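# Summary of the model geometry
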Amino acid sequence: MPIPYGGLPDLRDIVYKIALLFGILIVIYGVLWLLAELKIIPTIIFAIFPQIVLILIGIFIIYIAYSRRNMY
């Protein structure tokens, strides 16, 4: 008798979205770091990026919680 998966596909989807978000943010941070080291952009943009990332992660968590509120 097969074991039902329950909420596993939902969890897998969330994990993929989080991994994609972190991957994109790491690439953006690396590009900003490179541009700041080459003096192409002001260092202040590179310095405030971690705060912007934290805000985006918070918005993403709120979005996931809001979109899944009626599911459980």
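The structure this text deals with has already been given above.
A short tour of the structure in this document, coming up. (Residues numbered from 1 in each chain as written. Predicted model: local features only at pLDDT ≥ 70, side-chain atom pairs only at ≥ 80, totals over all residues. Heavy atoms only, no water.)

Inspection of every chain in the model, using the stated rule, returns two aromatic pairs. Plain terms: the ring middles of Tyr29 and Trp33 are 6.4 Å apart, the flat faces sit at 50° to each other, and that makes the pair tilted. With Tyr29 and Trp33 both in helix α1 (residues 8–37) and four residues apart, this pair spans about one turn of that helix. Judged by relative accessible area, Trp33 falls into the partly exposed class, the value being 45%. Taking 5.6 Å as the distance between ring centres and 25° as the angle between the ring planes, the aromatic pair formed by Tyr29 and Phe49 counts as stacked. Linking Tyr29 in helix α1 with Phe49 in helix α2 (residues 43–67), this pair joins segments that are 20 residues apart in sequence. A relative accessible area of 29% means that Tyr29 is categorised as partly exposed. An aromatic cluster of at least three residues, connected via ring pairs, comprises Tyr29, Trp33 and Phe49. (Phe/Tyr/Trp six-rings, centres within 6.5 Å; stacked < 30°, edge-to-face > 60°. Helix = DSSP H or I, 4+ residues; strand = E, 2+ residues; numbered from the N terminus. Buried < 20%, exposed > 50% of the residue type's maximum accessible area, 1.4 Å probe, protein only.)

All right, on to the pattern of salt bridges then. Inspection of every chain in the model, using the stated rule, returns one salt bridge. Note that Lys17 is salt-bridged to Asp13, the shortest N-O span being 3.7 Å. Of this pair, Lys17 and Asp13 both sit in helix α1, four residues apart, which is roughly one turn of that helix. (Salt bridge = Lys/Arg side-chain N within 4 Å of Asp/Glu carboxyl O.)

With respect to the helices, strands and loops of the structure, Leu32 is situated in helix α1. For Leu32, the contacting residues outside a window of four places in its chain are Ile41, Ile45, Phe46 and Phe49. (Contact = heavy atoms within 4.5 Å.)

On the surface, Ile44, Ile45, Ile48, Ile52, Ile55, Leu56 and Ile59 cluster together to form a nonpolar patch covering roughly 620 Å² of accessible area. Within the fold, Ile59 resides in helix α2. (Patch = residues over 30% accessible without salt bridge, like charges linked within 9 Å, V, L, I, M, F, W, Y side chains within 5 Å. Areas by Shrake-Rupley, 256 points an atom, 1.4 Å probe, with all protein chains shown as cover.)

Turning our attention to α2. Taking 1.5 Å per residue, 25 residues should reach 36 Å; α2 reaches 37 Å between its end C-alpha atoms and fits that length. The largest bend in α2 comes to about 35°, at Phe49, with the proline Pro50 one to four residues further on. Those residues of α2 lying buried are Phe46, Phe49, Val53, Ile57, Phe60 and Ile64. (Expected span 1.5 Å × (residues − 1). Bend = angle between axes of the 7 residues up to and from the residue.)

Moving on, we get to the nonpolar core. Residues Leu25, Leu32, Ala36, Ile41, Phe46, Phe49, Val53 and Ile57 constitute the largest nonpolar core, which totals eight residues. Every element with two or more residues in this core is listed here: α1 and α2. Considering every element that reaches this core, the biggest residue donor is α2, with four residues. Setting aside residues up to four positions removed in sequence, Leu25 forms contacts with Phe49, Val53, Leu56 and Ile57. (Core = buried A, V, L, I, M, F, W, Y, C linked by side-chain atoms within 4.5 Å.)

So far we have only geometry, and geometry alone does not tell us how the molecule works.
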